[in-house]
Amino acid sequence: MNQTRVRFAPSPTGAPHVGNIRTALFDYLWARHTGPSGKFILRIEDTDQAREVENGLELILDSLRYLGLQWDEGPDVGGAFGPYRQSERLHIYKEHAERLIAQGNAYYCYCTAERLDQMRKDQQARGLPTRYDYHCRDLSAADRAAHERAGDPRVVRLAVPREGKTTLPDFIHGDLTIDNSQVDDQVLLKSDGFPTYHLAVVVDDHLMQISHVIRGDDWIPSFPKHVLLYQAFGWEIPPHGHVPNVLGNDKKKLSKRHGSTSVTQFRDDGYLPEAMLNFLALMGWAYDDKTELFTRDQLIANFTLDKIGHAPAVFDPAKLEWMNGVYIRELADDDLATRLQPYIPQADPATLRALAPFVKTRIKKLSEIVAIADFLFEEDLEYDPQLLIGKGMDAASTSAALRAASATLEKYPEGAFDDEEKIEAELRADAEKLGQKNAQFFGALRVAVTGKMVTPPLMGVMRIMGREKTLRRIARALQLVQ
Ligand code: GLU
């Protein structure tokens, strides 16, 4: 099997966690690294219906689309190995479970929930690990027939060899050998006909000809069962790599306590897909010990499995923000304006375009456009009039500054605000005439025009805002300050 076929196999249980999407990214990069024959497959593992959420599939697709992780096969696009939703493959799991039973590698278990509960309690009381006690594995043919006649509900369990050792091949953590006697007789098929994850994942990875299984390291404890299942079926085990979890700065699994955990939340906060992609690629993978900025193409060219590390990756929000700033600064003005639009829907596109060069160096997230520039798009500003009166100023000197500024600006016809340098020189001269510092004079003017003390460069703001609105706002500030 030379073709690279890797899969992302999420369960539709909510907005995907950044750690899961990071794993999907590794799959994607590995598929693309191997060229046009490499396939990135999306398989929806929806066999645990109790945990499913209604729009679960959409949330997954949305997250992958945000980062441009386009899948080659999947529930919506199809492919030669479908269906790609496990709930549509129940007959396949049943058939495979029956095959294991026929071979003697699995058996029907009729134990009731009460019996299993009592069994676990007894084991706990005796300080033993809780695991299935082989009760139905050792049933006589007559007892088995009696259960069948009575129509008792049954599950299928894997008959794990009671002796011997099994080697677990993992290209990230290295091979590990375990005693088979430690492995539980795992349920493979539940009484409602649904498979457990363990049966479904092995059957599907085999039938879909997955060449490399790349998944989160929380699956390491289940790995022995999977290897034993491959052996029971007589199938070759594709190389497995368990990717380290994404942790918060306190070294615990990244959770809501640490802030955002779903990638779409980062999108909504204004992180560019380019930045998020770059940042997530470094959560467990490194090209060398210094390079941090990678375009998608560079990631694809450089991504190899041997560079995935086994140490847990720590999610550093400050680094993500820095990286996002870097990518924002690299955007062309038109592109930035288009991307800002959804964050400030009331803005007209021409104004946003004019604003782009100013905000580029001032925001680290697209959503910050609101705090920085919403004043441009409002009719009337709401602000505390006290803000108009700067350090060492009073109502009289502030009024004088605003009146002088207004008189100067009035001389320029609509459109002539383009001459920023000339206007600024005149306004500076006004400040000097009044004996005011530039910070005092322009501070008052800035608050009058924007309602804020920190904004993009004032001359540019007034140019974008235009003569009429600028003068109207100064006039209103003059009323407020008296
Ligand atoms: N459905 C599992 C999950 O969402 C998939 C794990 C795997 O990739 O095998 O975690």
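Residues numbered from 1 in each chain as written. Predicted model: local features only at pLDDT ≥ 70, side-chain atom pairs only at ≥ 80, totals over all residues. Heavy atoms only, no water.

### Observations concerning the packing of helix 9 (residues 273-281) against helix 11 (residues 317-330)
Think of two packed helices as two axes; the pair is described by the angle between the axes and how far apart they sit.
Turning to step 1, where the next piece is worked out: Look at helix 9 against helix 11: their axes get within 9 Å of each other, and the N-to-C directions meet at 135°. Taken together, helix 9 and helix 11 sit at an angle that is classed as oblique. Helix-helix and strand crossings are classified by hand; for helix 9 and helix 11 the assignment is right-handed. Here helix 9 contributes Glu274, Ala275, Met276, Asn278 and Phe279 to the contact with helix 11, which in turn contributes Lys319, Leu320, Met323, Asn324 and Tyr327.
Turning to step 2, where the next piece is worked out: Taken together, the residues of the contact of helix 9 with helix 11 sort by class into 6 nonpolar, 2 polar and 2 charged. (Axes fitted to C-alpha atoms, helices over the stretch in contact; angles between N-to-C directions. Helix = DSSP H or I, 4+ residues; strand = E, 2+ residues; numbered from the N terminus. Parallel < 35°, antiparallel > 145°, perpendicular 65-115°, else oblique. Left-handed = near helix turned anticlockwise from the far one by under 90°. Contact = heavy atoms within 4.5 Å. Nonpolar A, V, L, I, M, F, W, Y, C, P; charged D, E, K, R; others polar.)

### Remarks on the site of the ligand
Turning to step 1, where the next piece is worked out: All residues adjacent to the ligand are Arg7, Ala9, Pro10, Ser11, Glu45, Tyr197, Val201, Arg215 and Trp219.
Turning to step 2, where the next piece is worked out: Within the backbone of Ala9, one N or O atom sits 2.9 Å away from a nitrogen atom of the ligand.
Turning to step 3, where the next piece is worked out: Contact with the protein chains covers 84% of the free accessible surface of the ligand, which is 300 Å².
Turning to step 4, where the next piece is worked out: A per-class count over the shell around the ligand returns 5 nonpolar, 1 polar and 3 charged. (Near = heavy atom within 4 Å. Polar contact = N/O pair within 3.5 Å; in protein donor to acceptor, adjacent residues only side chain to side chain. Areas by Shrake-Rupley, 256 points an atom, 1.4 Å probe, with all protein chains shown as cover.)

### A short note on the environment of Glu274
Turning to step 1, where the next piece is worked out: Within the secondary structure, Glu274 sits in helix 9.
Turning to step 2, where the next piece is worked out: Separated by 206 residues in the primary sequence, Glu274 and Gly68 place their C-alpha atoms 9.2 Å from one another.
Turning to step 3, where the next piece is worked out: When neighbours within four sequence positions are excluded, Glu274 is seen to be in contact with Tyr327, Leu331 and Arg339.
Turning to step 4, where the next piece is worked out: A polar contact is formed between the side chain of Glu274 and the side chain of Arg339, at a distance of 2.6 Å.

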